[in-house]
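Residue-level structural notes
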Amino acid sequence: MATLSDIPFSLLDLASVPTGSSVGDTLQRMLRYAKHADQLGFQRFWLAEHHNMAGIASSATSVLIGQVAAQTENIRVGSGGIMLPNHPPLVVAEQFGTLDCLFPGRIDLGLGRAPGTDPITSRALRRDDMRAENFPDEVSELQTLLGPDAGDKRVQAYPGANSQVDIWLLGSSLFSAQLAAQRGLPYAFAGHFAPKLAREALALYQQNFQPSAQLEKPYAILCLPLMLAETDDEAAYLGTSSQQRVLSLMKGQVLYLPPPVESMKGIWSPMEQLQVEAFLGLSVSGGPAAVKSKLEVMVEQLPIQELMFTNDIYDEGKRLKALELVMELKAS
């Protein structure tokens, strides 16, 4: 049976802009965060593609991946994910093939089929909504473009062919779990915003996995919201930043990360509180003892090989400290 010491820890980041900060300051903060994670021994650092969302600065995902990889040494860097229907597969293959040439063996390409934005912005991206129906075919196209150079392909990704890029399928439903299992690809489930289907999707992937040239055995990541501090009370206080932002998301408001508040009373209604808490249903919050206990239960009960965390803490120092605390849990 796996224990926390056996499970790699990774991070998902959206380059969240704290209230009162600029995008430039936020991106520098993100780079410091990634370097600290690299020094602490985290397995991977992924960035998520979103568009037209004030408060989330990770829209140019492949650009940020290159910057993070350039300023770190060992951590794998990638996308969590690239929303494939927004981009021609050839362009994605060329971008990630280039990243692989610059940082060989350190680049992950996580793929999703959602728009990562609203319908109006989807049209601005020249997105064809029907392309989501072609997601399995476009995954195959990317595998071919990034795979061995057969020498007889009329269209080639250059750079891209013969790459070491690891392709992952990401999902918040059962569709990608089934597809990842059929293709023998590693799978990451977005439990940080879709907790209800986590157990079913991970079990489906595990039970239906077919070995492939890329992967002999199933390998699944579960992404969770982490809110870790020195004490339970401090974690609850810091967690109000994330609660406020989820509430803003549900109201269609801007998504800057606000400072924490002493109480959410008066900020949300009882119904809104239930909705936010359901959204954050897999959140792991508390001091070290509480978080360790919760993570041990998840590792014991769920068929996962890696844990990935979001870490939406407003204060940079406390955010960096949370990384230190969670890595200490592996050794305790």
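Before reading further, recall that the structure is shown in the block above.
These remarks concern the structure in this document. (Residues numbered from 1 in each chain as written. Predicted model: local features only at pLDDT ≥ 70, side-chain atom pairs only at ≥ 80, totals over all residues. Heavy atoms only, no water.)

On to the overall build of the protein chain, then. When you go through the protein chain residue by residue, the secondary structure sums to eleven helices and nine strands. Its C-alpha atoms give the protein chain a radius of gyration of 19 Å, within 12% of the compact-globule value 20 Å for 332 residues. Once the C-alpha set of the protein chain is aligned to its principal axes, its extents read approximately 65 × 45 × 35 Å. Look at the contacts in the protein chain between residues 6 or more apart in sequence, and 73% of them connect residues 24 or more apart. Total accessible area on the protein chain is roughly 14800 Å²; 52% of this is exposed by carbon and sulfur atoms. Positive and negative side-chain charges in the protein chain, numbering 26 and 36 respectively, have mean positions lying 2 Å apart. (Helix = DSSP H or I, 4+ residues; strand = E, 2+ residues; numbered from the N terminus. Rg over C-alpha atoms; globule rule 2.2 N^0.38 Å. Contact = heavy atoms within 4.5 Å. Areas by Shrake-Rupley, 256 points an atom, 1.4 Å probe, with all protein chains shown as cover. Lys, Arg positive; Asp, Glu negative; His and termini not counted. Charge placed at Lys NZ, Arg CZ, Asp CG, Glu CD.)

Bringing helix H2 (residues 61–70) into the picture now. By the criterion of burial, H2 is predominantly enclosed, with seven of the ten residues buried. All buried positions along H2 are accounted for by Thr61, Ser62, Leu64, Ile65, Gly66, Val68 and Ala69. Check the buried side of H2 and you find it contacts helix H1 (23–40), strand S2 (44–47), strand S3 (76–83), helix H3 (89–102) and strand S4 (107–112). (Buried < 20%, exposed > 50% of the residue type's maximum accessible area, 1.4 Å probe, protein only.)

Our focus in this paragraph is the pattern of salt bridges. Scanning all chains against the criterion turns up eleven salt bridges. With a closest N to O distance of 3.9 Å, Glu230 and Lys321 form a salt bridge. Of this pair, Glu230 sits in the loop between strand S7 (220–228) and helix H8 (232–251) while Lys321 sits in helix H11 (residues 316–331); the two residues are 91 residues apart in sequence, bridging distant segments of the chain. According to the relative accessible area criterion, Glu230 is partly exposed, its value standing at 48%. Taken together, the salt bridges that share partners define one network made up of Arg44, Arg76, Asp108, Asp166 and Glu306. (Salt bridge = Lys/Arg side-chain N within 4 Å of Asp/Glu carboxyl O.)

With that out of the way, let us pick up the packing of H1 against H2. The description of two helices packed together rests on the angle between their axes and the distance between the axes. For the pair H1 and H2, interaxial distance at closest approach is 9 Å and the crossing angle is 45°. As far as their axial angle goes, H2 and H1 are oblique. H1 and H2 meet at a crossing whose hand is right-handed. Counting all contacts with H1, which are made through Leu27, Met30, Leu31 and Ala34, the residues of H2 involved are Leu64, Gln67 and Val68. Considering only residue class, the contact of H1 with H2 consists of six nonpolar, one polar and no charged. (Axes fitted to C-alpha atoms, helices over the stretch in contact; angles between N-to-C directions. Parallel < 35°, antiparallel > 145°, perpendicular 65-115°, else oblique. Left-handed = near helix turned anticlockwise from the far one by under 90°. Nonpolar A, V, L, I, M, F, W, Y, C, P; charged D, E, K, R; others polar.)

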